[in-house]
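Observations on the three-dimensional arrangement
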Amino acid sequence: MPQRSYTILVVPDRASTTKRFRVGHRAILATCAAAGAATLALSGIGIHYAGLIDHAEDNRLLRDENAQLRSQLRLVQEKVAHIDETLDRVGRFDQKLRALTSLSDQERNLAIGPLDAPDAHDAEAIEDAHDDLGEKLEALVDEAAKSERSLAELQRYFEDQKSLLASTPSIWPARGWVTSDFGSRLDPYTAHRVVHKGLDIANRAGSAVIAPADGVVVYAGAESGYGKVVVLDHGFGVKTRFGHLSKIEAIVGQKVRRGQQIAAMGNTGRSTGPHLHYEVRVNGIPENPRKFILE
C-alpha cells in the first residue's frame, strides 16, 4: 500500500524558483509525537520546579516561625526563672517569719529547678522544652497558691500577735560590719576560747544605736567590761543589751519604739575599737540575734 505524503511549497517574496518539499505522513506523525513529548516533559519540569519553589518558601516560613517561637520561649523561660527566684525568696522569708511563731509548714518546696534551653536547630528539642515549660508553669502556679495560703495564715496569726510582733527585736540595732558573731570565739585579750553571747557591729564612734523593737528601758549606766550599757525589756521574757556605748540617750523607765535612737556607738569598757556589742536574751538565756533579724 503506497505511503501517503504531503507536498509543501515555499514561494519566495521576490521572483525566484519555487521550492517543493515532500514530507511523508509518518514523518509528520513522528514529529508531532516528539513535540508533544517534549511539551509534556517541559510541563512536568515546570510543575516540579514550581513545587520546589513552594517548598522552599514553606521552609523559609517554618524557619522564621521556629526562630520566633525560640525567642518567645526564651523570654518565657526568663520570666519563669524570675518568678521561681521570687517564690524562693518568699519561701525563705516565710520560713524566717515562721521561726518567730509556733506555725510550721513542712510541705513547702520551692525548688522548681532550672529551665533547659532548647537546641536552636532541633524541632523536637523545642517541643520538649515547651512541654517542660508547661509542667514548670503548673508547678509555679501551685507554689504561688501555697505561698498565698501560707502568707494569709501568717497574716491572721500576726494580726492576733501584734503586741508580740512589735516587741520582737527584728531589725539591726546599728549599721556597720559584724566583726564577731554569736558563739565560740578567741578572746582578743586572753586568746582563750570563750562563748561570745551576742554580735559585735563595728562602725565609727557616734553612729546611731536604735531600739530593734518596742520596749522599756530597764537599765542605762556603766557595767564592768561593757562600759556604758543600755538594757531594754520587750516583754514576753525578751531583753536586749547594748554595750560599749559612747553616749546614752534613753533613761530608765522610758518607753521606746522600734527604730528610735537610744544611744551612740563607742569604745567604752573592755573594747578594741568603736563598736556595738548587741545581745538578745530570752528568759535570761542568750540567743543568736540573727535568728530574730528579718532585714
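Residues numbered from 1 in each chain as written. Predicted model: local features only at pLDDT ≥ 70, side-chain atom pairs only at ≥ 80, totals over all residues. Heavy atoms only, no water.

Of all hydrophobic cores here, the largest spans 18 residues; its most connected members are Val 209, Val 230, Leu 232, Phe 242, Leu 245, Ile 262 and Leu 276. The set of elements that each furnish at least two residues to this core consists of β9 (227-235), β10 (238-248), β12 (261-265) and β13 (275-282). Residue contacts for Leu 232: discarding those within four places in its chain leaves Ala 211, Pro 212, Val 216, Val 217, Val 218, Val 238, Lys 239, Thr 240, Phe 242, Val 256 and Ile 262. (Core = buried A, V, L, I, M, F, W, Y, C linked by side-chain atoms within 4.5 Å. Buried < 20%, exposed > 50% of the residue type's maximum accessible area, 1.4 Å probe, protein only. Helix = DSSP H or I, 4+ residues; strand = E, 2+ residues; numbered from the N terminus. Contact = heavy atoms within 4.5 Å.)

When strand β8 (residues 215-223) meets strand β11 (residues 255-256), the two strands line up antiparallel, connected through two bridges. Following the sheet pairing, Gly 215 is matched in β11 by Val 256. Pairing analysis gives seven bridges linking β8 to β9, with the strands arranged antiparallel. Considered in β9, the bridge of Ala 222 is made with Lys 228. Connecting the antiparallel pair β8 and β9 is a turn made up of three residues, with Gly 225 showing a positive phi of about 85 degrees. (Pairing = 2+ DSSP bridges.)

This part covers the side chain of Ser 271. Considering the arrangement of structural elements, one finds Ser 271 in the loop between β12 and β13. Exposure remark for Ser 271: the relative accessible area of 12% places this residue in the buried category. Separated by 2.7 Å, the side chain of Ser 271 and the backbone oxygen of Gly 273 make a polar contact. (Polar contact = N/O pair within 3.5 Å; in protein donor to acceptor, adjacent residues only side chain to side chain.)

The next thing to look at is the pattern of salt bridges. All told, the structure shown has six salt bridges when counted by the stated rule. Taking the shortest distance from any N to any O, the salt bridge between Arg 257 and Asp 214 comes out at 2.9 Å. Of this pair, Arg 257 sits in the loop between β11 and β12 while Asp 214 sits in the loop between β7 (208-210) and β8, and the two are 43 residues apart along the sequence. Take Arg 257: its relative accessible area is 57%, and that puts it in the exposed class. Exposure remark for Asp 214: the relative accessible area of 15% places this residue in the buried category. With a closest N to O distance of 2.8 Å, Arg 281 and Glu 279 form a salt bridge. Connected through shared salt-bridge partners, Glu 223, Arg 241, Glu 279 and Arg 281 make up one network. (Salt bridge = Lys/Arg side-chain N within 4 Å of Asp/Glu carboxyl O.)

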